[in-house]
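Coordinate inspection notes
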Amino acid sequence: MASKLTGNGKWIRWALGLSLGVNLLVAGLVAGAAYRFDGPHGGAGGNMRDYGTPYIIALEKERRRDLFNELRRNQPAGHLTRTARRALYSEVVSAIRAEPFDIARVRSAVDQQANASVAVQQAVQDAWLKELASMDDTARAAYAGRLQEVLSRPTKREPDRRKPSRND
């Protein structure tokens, strides 16, 4: 009976060790991705100075959440669903592959994407301006301070001027 328990104990220890190893691997991948992409505004494709991004980031967290929840409830006129956006991308791919190539077909799909993007950007801008207009002088001054702090953050492509370099 004791030998059965010892055998099972080894198997359980190996399973726990393997589980720990897998968990550490997953945690390392998540931490590496977070470090590389630096949150929602960073990464290779993102730029902190993208139009509008600093204005939204500088809002207080709950106001930012409320603003986007309101936009989700009242979607702008030109807003495309995820399915419609995917269909337009598929249309562009099909149009690029088509023979004979029809530039007007590509332009039509890309124009639809651009119009939807402008509609959403305009809706976000209108909601942000409404939020700004609702602030009193004190709240607006605090917001301006947060916005200045956001704008002074270095991007991935520029050095952090707030910290002395190692060469100084």
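Going by the structure above, here's the rest.
Before going into details, it helps to say that this report is about the structure given with it. For every chain, the first residue of its written sequence is number 1, and the numbers climb from 1 along that sequence. Predicted model: local features are reported for residues with pLDDT of at least 70 only, side-chain atom pairs are reported and counted for 80 or more only, and whole-chain, interface and lining totals are derived from all residues. To obtain the side-chain values, all non-hydrogen atoms of the structure were included, while hydrogens and water were left out.

**So, the packing of helix α3 (residues 61–73) against helix α5 (residues 103–134)**
Between α3 and α5, the shortest axis-to-axis distance is 10 Å and the interhelical angle comes to 135°. Here α3 lies oblique to α5, going by the angle between them. Here α3 and α5 pass one another in a crossing that is right-handed. Side by side, α3 and α5 meet where Arg-63, Leu-67, Phe-68, Glu-70 and Leu-71 of the first sit next to Ala-123, Val-124, Ala-127, Trp-128, Lys-130 and Glu-131 of the second. A breakdown of the residues in the contact of α3 with α5 according to their chemical character gives 7 nonpolar, no polar and 4 charged. Here an angle of 0 to 180 degrees is reported between the N-to-C directions of two axes, which are lines fitted to C-alpha atoms, with helices fitted over the stretch in contact. Numbered from the N terminus, helices here are DSSP runs of H or I no shorter than four residues, and strands are runs of E no shorter than two. Here roughly perpendicular refers to angles of 65 to 115 degrees, roughly parallel to angles under 35, roughly antiparallel to angles over 145, and oblique to all remaining angles. Handedness of a crossing is defined here by the sense of rotation of the near helix relative to the far one, left-handed for an anticlockwise turn of less than a right angle and right-handed for a clockwise turn. We call two residues in contact when some of their heavy atoms are within 4.5 Å. Polarity classes work like this: nonpolar for Ala, Val, Leu, Ile, Met, Phe, Trp, Tyr, Cys and Pro, charged for Asp, Glu, Lys and Arg, and polar for all others, with Gly in that last group.

**Topic: helix α4 (residues 82–97)**
Residues spaced three or four apart along an α-helix point in a common direction, a consequence of the helix completing one turn every 3.6 residues. If you check α4, its first and last C-alpha atoms are 23 Å apart, about what 16 residues at 1.5 Å a residue would give, namely 22 Å. Accessible area is worked out with a 1.4 Å probe on protein chains only. A residue is then buried under 20% of its type maximum, exposed over 50%, and partly exposed in between. Buried residues of α4: Leu-88, Val-92 and Ala-95, and no others. All buried residues of α4 project into a common sector of 70° when viewed along the axis, lining one side. Facing away from the buried side of α4 by more than 90 degrees, the exposed set consists of Arg-82, Thr-83, Arg-86, Tyr-89 and Arg-97. Its buried side turned inward, α4 meets α5. In this scheme, a helix's expected span is set at 1.5 Å multiplied by one less than its residue total. Arc definition: directions from the helix axis to the C-beta atoms.

**Some thoughts on a nonpolar patch on the surface**
Note on patches: the residues involved have over 30% relative accessible area and no salt bridge, like charges join within 9 Å, and the nonpolar side chains Val, Leu, Ile, Met, Phe, Trp and Tyr join within 5 Å. To measure how exposed things are, a 1.4 Å probe is used in the Shrake-Rupley method; for residues, cover is taken only from the protein chains shown. Salt bridges are identified by distance alone: a Lys or Arg side-chain nitrogen within 4 Å of an Asp or Glu carboxyl oxygen. Taken together, the side chains of Ile-96, Phe-101 and Ile-103 make up a nonpolar region of the molecular surface, amounting to roughly 320 Å² of accessible area. Mapped onto the elements, Ile-103 comes out in helix α5.

**Comments concerning the packing of aromatic side chains**
A ring pair, where both rings are aromatic, is described by two values, the distance of the centres and the angle of the planes. Two rings from Phe, Tyr or Trp (for Trp, the six-membered ring) form a pair when their centres sit within 6.5 Å of each other. Planes less than 30 degrees apart are called stacked, planes more than 60 degrees apart edge-to-face, and all others tilted. Within this structure, the stated rule accounts for 1 aromatic pair. On the numbers, 4.8 Å between centres and 35° between planes, the contact of Tyr-55 with Trp-128 is tilted. With Tyr-55 in helix α2 (residues 53–57) and Trp-128 in helix α5, the pair connects residues that are 73 residues apart, well separated along the chain. On the basis of relative accessible area, Trp-128 is assigned to the buried category, the value being 15%.

**What about the nonpolar core?**
Put simply, buried Ala, Val, Leu, Ile, Met, Phe, Trp, Tyr and Cys residues joined by side-chain atoms within 4.5 Å make one nonpolar core. Grouped together as the largest cluster of nonpolar side chains are 13 residues, with contacts concentrated most on Ile-56, Ala-58, Leu-59, Leu-67, Leu-71, Trp-128 and Tyr-143. Every element with two or more residues in this core is listed here: α3, α5 and α6 (137–152). Looking at this core, the element that brings in the most residues is α5, giving 4 residues. If we skip the residues at most four places from it in the chain, Ala-58 touches Tyr-143, Arg-146, Leu-147 and Val-150.

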